[in-house]
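# Observations on the model geometry
Spelled out from the first residue to the last, the chains are:
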Amino acid sequence: MMRFNLDFLTVFTLVKQSLTNDLSENEIYRRLICLGNENLDGKNDPHRHITGETQINGSRNSSIIGKSSIEVMARSYDSLFSDYMSVSTRKRMVSVLKEILKSCNWPDPELEIGEGSGFTLESVINGKSFCFPYLLAALVKFTVPRENPHRKDFKEYRVTVVDCYNSAPDENLDLVPIDLALPREKDTSRIDGAEFRRFFTEVNSEKFPEQFKGAGDVKIFRLNIRNSRFDYEGLSGFLEENIEHYVMSSLEEKSYYDEQRTKHLTHDAIKRFAASASGKDLREVYSRLMLYVFMEGGLGAPKIFNAVEIKDKNIRSDGVYYLRKGVISDKPMLILGASQTFPTLDEAMENGLAQIDVISREQDKMLSFINPAFLRMRFEQDDLSYIVDRLIKAEGILQNDAAFGVFLSYSLDESNDGNLSSNEFRQKVEERMERDIADAVPMIYAKIKEHGLQNYGFFVFVLPLTNVETDAEKVIRGFAGGEMNG
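Once that is clear, we can look at the overall build of the protein chain. Helix and strand content of the protein chain: 21 helices and 11 strands. Of all 486 residues assigned to the protein chain, the portion counted as buried reaches 54%. By sequence separation, contacts in the protein chain at least 24 residues apart represent 75% of the contacts at least 6 residues apart. Entry remark: accessible area of the protein chain is about 22500 Å², with carbon and sulfur atoms responsible for 45%.

Our focus in this paragraph is the packing of aromatic side chains. Within this structure, the stated rule accounts for 18 aromatic pairs. Aromatic pair Phe196 and Phe294: ring centres 5.5 Å apart, planes at 90 degrees, arrangement edge-to-face. Separated by 98 residues along the polypeptide, Phe196 in helix H11 (residues 193-199) and Phe294 in helix H15 (residues 282-298) bring together distant segments of the chain. The class of Phe294 is buried, set by a relative accessible area of 0%. Centroid distance Phe294 to Phe461: 5.8 Å. Interplanar angle 40 degrees. Geometry classified as tilted. Here the residue Phe294 occupies a position in helix H15, and Phe461 occupies one in strand E11 (residues 458-465), the gap between them amounting to 167 residues. In this structure, Phe294 and Phe461 share a single accessibility class: buried. Taken together, Phe196, Phe199, Phe200, Phe238, Tyr286, Phe294, Phe407 and Phe461 form an aromatic cluster joined through their ring pairs.

Within the secondary structure layout, His150 lies in the loop between helix H8 (132-143) and helix H9 (154-167). Classification of His150 by relative accessible area gives buried; the value is 2%. Within the local environment of His150, its side chain forms a polar contact with the side chain of Asp7, the two groups lying 2.7 Å apart. Aside from chain neighbours lying at most four places away, what touches His150 is Asn5, Asp7, Leu9, Thr51 and Tyr157.

Before going further, it helps to spend a moment on the side chain of Asp231. Assignment of secondary structure puts Asp231 in the loop between strand E6 (229-230) and helix H12 (232-247). A relative accessible area of 12% places Asp231 in the buried class. At a separation of 2.8 Å, a polar atom in the side chain of Asp231 contacts the main-chain amide nitrogen of Gly234. Residues contacting Asp231, with those up to four places away along its chain left out, are Leu223, Asn224 and Arg226.

This paragraph deals with the environment of Ser68. Relative to the helices and strands, Ser68 is located in the loop between helix H4 (62-67) and helix H5 (70-80). For the pair Ser68 and Tyr257, spaced 189 residues apart in sequence, the C-alpha separation works out to 9.1 Å. Setting aside its immediate chain neighbours within four residues, Ser68 contacts Leu35, Met73, Lys141 and Asp258. Looking at Ser68, its side chain comes within polar contact range of the main-chain oxygen of Ile64, at 2.7 Å.

Okay, the packing of helix H1 (residues 8-18) against H9 next. Where H1 meets H9, the closest approach of the two axes is 10 Å, and the angle between their N-to-C directions is 50 degrees. By the angle class used here, H1 and H9 are oblique. Pair H1 / H9 crosses with right-handed handedness. Taken together, the residues of H9 that come into contact with H1 (itself represented by Leu9, Thr10, Phe12, Thr13, Leu14, Gln17 and Ser18) are Phe154, Tyr157, Arg158, Val161, Val162 and Tyr165. Considering only residue class, the contact of H1 with H9 consists of 8 nonpolar, 4 polar and 1 charged.

The next subject is the pattern of salt bridges. Scanning the model with the defined rule gives 16 salt bridges in all. For Asp170, the salt bridge identified is with Arg92, shortest N-O distance 2.6 Å. Of the two residues, Asp170 sits in the loop between H9 and strand E2 (174-175) while Arg92 sits in helix H6 (residues 87-102), which places them 78 residues apart along the sequence. When its relative accessible area of 58% is taken as the criterion, Asp170 is described as exposed. Between Lys98 and Glu171 there is a salt bridge, with the nearest N and O atoms lying 3.7 Å from each other. One end of the pair, Lys98, is in helix H6; the other, Glu171, is in the loop between H9 and E2, and 73 residues separate them in sequence.

What follows deals with H9. Here H9 is 14 residues long and its end C-alpha atoms lie 20 Å apart, about the 20 Å a rise of 1.5 Å per residue gives. By the burial criterion, the buried members of H9 are Phe154, Tyr157, Arg158, Thr160, Val161, Val162, Cys164 and Tyr165.

A few words on the pairing of strand E9 (residues 333-341). Here E9 lies mainly inside the structure; 9 of its 9 residues are buried. Alternating positions in E9 separate into two faces, Met333, Ile335, Gly337, Ser339 and Thr341 on one and Leu334, Leu336, Ala338 and Gln340 on the other, with burial throughout. Pairing of strand E8 (residues 319-323) with E9, which is carried by 4 bridges, proceeds in the antiparallel orientation. Considered in E9, the bridge of Val320 is made with Leu336.

Another aspect to go through is the packing of H12 against helix H21 (residues 468-480). One can describe the packing of H12 onto H21 by two numbers: an axis separation of 8 Å at closest approach and a directional angle of 50 degrees. Between H12 and H21, the interaxial angle falls into the category oblique. Judged by the sense of rotation from one axis to the other, the crossing of H12 with H21 is right-handed. Each of Tyr232, Leu235, Ser236, Leu239, Glu240 and Ile243 in H12 lies in contact with H21, whose residues at this interface are Asp471, Lys474, Val475, Gly478 and Phe479. Broken down by class, the residue content of the contact of H12 with H21 amounts to 6 nonpolar, 2 polar and 3 charged.

Here the focus is H12. With 16 residues, H12 ought to run about 22 Å at 1.5 Å a step, and its terminal C-alpha atoms sit 21 Å apart, in line with that. A bend of about 50 degrees at Glu241 is the largest found in H12. Among the residues of H12, Tyr232, Gly234, Leu235, Ser236, Phe238, Leu239, Asn242, Ile243, Glu244, His245, Tyr246 and Val247 are the ones counted as buried.

Definitions and limits used
- Residues numbered from 1 in each chain as written.
- Predicted model: local features only at pLDDT ≥ 70, side-chain atom pairs only at ≥ 80, totals over all residues.
- Heavy atoms only, no water.
- Helix = DSSP H or I, 4+ residues; strand = E, 2+ residues; numbered from the N terminus.
- Buried < 20%, exposed > 50% of the residue type's maximum accessible area, 1.4 Å probe, protein only.
- Contact = heavy atoms within 4.5 Å.
- Areas by Shrake-Rupley, 256 points an atom, 1.4 Å probe, with all protein chains shown as cover.
- Phe/Tyr/Trp six-rings, centres within 6.5 Å; stacked < 30°, edge-to-face > 60°.
- Polar contact = N/O pair within 3.5 Å; in protein donor to acceptor, adjacent residues only side chain to side chain.
- Axes fitted to C-alpha atoms, helices over the stretch in contact; angles between N-to-C directions.
- Parallel < 35°, antiparallel > 145°, perpendicular 65-115°, else oblique.
- Left-handed = near helix turned anticlockwise from the far one by under 90°.
- Nonpolar A, V, L, I, M, F, W, Y, C, P; charged D, E, K, R; others polar.
- Salt bridge = Lys/Arg side-chain N within 4 Å of Asp/Glu carboxyl O.
- Expected span 1.5 Å × (residues − 1).
- Pairing = 2+ DSSP bridges.
- Bend = angle between axes of the 7 residues up to and from the residue.

So, in structure tokens, the structure goes:
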């Protein structure tokens, strides 16, 4: 009697037998090895890897499994096979696997099935409760780097595995949902709203003119005040904690977690940020970064990409953001960004609206932000797919108009000489900001009409600093100083 091996052909055959809907062998391979992405190995047909004619570990596809954690693989399998395997066929596969493992030549009883999975020969054979996608991920992780020895006998061996599948007794097993078996997946694509609210307080808008209480909104924030001063140290720390979200694509940032390189993430992100800021006015750098912070944290509109990722200097928008349907309107919205920092709020608003006027008049370039051909030029296929799957889904964003997100920062010129308590100074600052924005509203509407922008939605964020000439640079150097030139 032929003895069983725990190799990829064994796992592949068990999966194939467990499917309740037909998938081609190439499609099963693509889901198991490529995690749903395209085959990277153009030299070899997947069949040669399945049967052992060519070993998977010599293929470019093996890097996908090598770089992915078992947790990431498990979540992929849970999604990729959810419609193709019933609960009963999953249980059946586990029962058959247990029978196969009883007949395997196993070098070490303590050897893990998939490094870091916690599964051993004994734990699987004696187990009664399993997270199926996690077990499947451990099996694939274990078998891909090992020799698949069936170059000549794969047909005979496959029949043996199928016979075992059909004849092995069913065990009374429990399957644990992946959400209960694994920790919640870390969302690496955006700022945590609770963290944002720890550092920024939204100023009460009850005293604002009625025009700015609708969908076209002005939101004024102030930094938290500590020891009677704006907390610039806290702001720098907040930016340092979130800078990777700003400078890296969603997929690239996620890869640091998948490949367990998180200790390098912030350092690499700060270096990239500093390189992009080299030779630029740090007020402009600060403005664009803070636009991102407020779009994601203040409005809940995650980036598709931003100024750091856009290489074309002729593109005037400081970022492209996506607002899901149900937040403001019943349709999703694409939001283009403008950001300005000037000593006075009037100057910041004038320049911000002038920037928006340029973007709105360059209709072809504005539309190119959401043109798939444009995205393909700037993103690898995996990254493009991740952006679409993660942010856009199937909500028809290409059929919707754009809105504008505007970040404005100006000098408040208010400081505490020691005669006011923290609460008194906070109240003084809030009252001053309310007056400033109320006085500026007529100009905002006049400029919107002057530029013919009445048909666009606007989301305006205002953040005063004590003195923008010095404080913007202070904030940037507070977290990136060691990497900045000059």
